Amino acid sequence: MTMIEQPLIPAKDVPSDTAGVPTRAQFQTTDDKDMLRAARDLTKGLGEARAGVYWSDMLISTGVGYAGIAGAILSGNLALSAVFGLVAALALYRSLMFIHELTHIHRDALPGFRKGWNLLVGIPLLTPSFMYEGVHTIHHTRTRYGTIEDPEYLPLALMKPWSLPAFVLVAFLAPIALIVRAAILVPLGAIIPPVRTFVWERFSALSINPDFRRKPPKGELSRQVKWQEAGVFVWSWALLASTQVFGWQPLLIALAILSLTAVLNQLRTLVAHLWENEGEPMTVTAQFLDSVNVPPPGPIAEVWAPVGLRYHALHHLMPSMPYHDLPEAHRRLAAEFGAGSTYSGANHSGLLPLVGRIARSTMMR
């Protein structure tokens, strides 16, 4: 990897939530071509997914997560179970976020990783990769981001104040909904075509837009759907059958942990964008400025926005950049442009200021 040899000024990397930086509205119809060109030119030498990083990160996170669930179930001490549960929720959250990488890396880049992730994480947690693949890429489509056709966009900053807590808290029900989908709706759909169509259109995508309707799968995705759906069906009934041997407590503890994982992800989603667009098509620069980076200093963002998601705005500039290269890409661009630039306009200081910004916006409605 060739690095650009130029002095770095640490202050340029400090996130900014202050007024005066460029905003989405300024670039709604016109791109900052200098920034886009720099994003291409300054990141040469980056972009190759490293199998050792992906596999080791995913396997360690998954192992810690499942060990944490086992500890929470077996400890017999409420306080210790809570600690094990928190560790499990955070570790499995990181494991789950590799589903985002699967939608962007080239299909041949990491042989076996997609299948391995589905067998170890996607199917056991009833969230196979097909629920994101073919959906998330729409969110990155130039003419659909932030519009009614975007499955992952709602103008949350322009909605009523009660919409924010409702948006986060509904995630508590996600594990139960996934069991119902896999154990009941999937087999019903196998024998009743209208049910199959309904489940596919409404309950087979990790989307937040209630108006989104998923189109039928084609080609390789269709083949992936078949074996992954069979996997979640078998696993969901194995979980339910386990209650007849071990009782309901182990399953309920696991579901509680996964509910916390789902809430963490929903909270991250809440601050992944500024959610200020009212449905108009946007330039790439406007999409970037409507998205959020929470770069260093500070390690906390790596906990609540793992696997590169703390650089979500940068990801919208370079969707195929592997997560392990995003910190270096950010370092180069921040050094090139500095404070007050278009690039700095997407950098924010943390979770709470972002939640506060969106909450204040809703209170003005």
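Just so it is clear, the model here is predicted, and its values are computed rather than measured.

## Things to note about the pattern of salt bridges
Then, in step 1: Scanning the entire structure with this criterion turns up 13 salt bridges.
Then, in step 2: Here Glu-220 and Arg-223 are joined by a salt bridge, their closest N and O atoms 3.1 Å apart. Residue Glu-220 and its partner Arg-223 are located together in helix α10 (residues 219-246), separated by 3 residues, close to a single helical turn.
Then, in step 3: Among the residues examined, Arg-223 registers a relative accessible area of 52% and is labelled exposed.
Then, in step 4: Notably, a salt bridge pairs Arg-310 with Glu-302, separated by 4.0 Å at the nearest N-O pair.
Then, in step 5: When salt bridges that share partners are traced, they join Asp-57, Arg-94, Glu-302 and Arg-310 into one network.

## Overview of unusual backbone geometry
Then, in step 1: Pro-296 connects to Pro-297 through a cis peptide bond whose omega is 10°.
Then, in step 2: Considering the arrangement of structural elements, one finds Pro-297 in the loop between α12 (284-289) and α13 (300-304).
Then, in step 3: We note that Leu-126 has phi near 60°; this positive angle belongs to a residue other than glycine.
Then, in step 4: Examined against the element boundaries, Leu-126 turns out to sit in the loop between α5 (113-122) and α6 (136-139).
Then, in step 5: For Trp-275, which is not glycine, the phi dihedral falls at a positive 60°.
Then, in step 6: The residue Trp-275 is located in the loop between α11 (249-270) and α12 in this model.

## A look at the nonpolar core
Then, in step 1: Counting 55 residues, the largest nonpolar core has Tyr-54, Phe-98 and Trp-117 as its most contacted members.
Then, in step 2: Residue assignment for this core shows that the elements contributing at least two residues are α2 (51-74), α3 (78-96), α4 (98-102), α5, α7 (163-169), α11, α13 and α16 (351-363).
Then, in step 3: Setting aside its immediate chain neighbours within four residues, Trp-117 contacts Met-58, Ser-95, Leu-96, Phe-98, Ile-99, Leu-102, Gly-122, Thr-127, Pro-128 and Ser-129.
Then, in step 4: Listed in part, the 20 residues of the second largest apolar core include Ala-39, Leu-42, Tyr-311 and Ala-313.

## Remarks on the packing of aromatic side chains
Then, in step 1: This structure, assessed with the given rule, holds 11 aromatic pairs.
Then, in step 2: Aromatic side chains Trp-55 and Phe-113 sit 5.2 Å apart centroid to centroid with 85° between the ring planes, which places their arrangement in the edge-to-face category. Of this pair, Trp-55 sits in helix α2 while Phe-113 sits in helix α5, and the two are 58 residues apart along the sequence.
Then, in step 3: Its relative accessible area of 26% is what places Trp-55 among the partly exposed residues.
Then, in step 4: For Phe-113, a relative accessible area of 1% gives the class buried.
Then, in step 5: Ring centres 5.4 Å apart and planes at 65° place the aromatic pair Phe-198 and Phe-203 in the edge-to-face group.
Then, in step 6: Classification of Phe-198 by relative accessible area gives partly exposed; the value is 40%.
Then, in step 7: Positioned above the aromatic ring of Trp-227, the side-chain terminus of Lys-115 is 6.0 Å from the ring centre.

Rules behind the numbers
- Residues numbered from 1 in each chain as written.
- Predicted model: local features only at pLDDT ≥ 70, side-chain atom pairs only at ≥ 80, totals over all residues.
- Heavy atoms only, no water.
- Salt bridge = Lys/Arg side-chain N within 4 Å of Asp/Glu carboxyl O.
- Helix = DSSP H or I, 4+ residues; strand = E, 2+ residues; numbered from the N terminus.
- Buried < 20%, exposed > 50% of the residue type's maximum accessible area, 1.4 Å probe, protein only.
- Core = buried A, V, L, I, M, F, W, Y, C linked by side-chain atoms within 4.5 Å.
- Contact = heavy atoms within 4.5 Å.
- Phe/Tyr/Trp six-rings, centres within 6.5 Å; stacked < 30°, edge-to-face > 60°.
- Lys NZ or Arg CZ within 6 Å of the ring centre and 35° of its normal.

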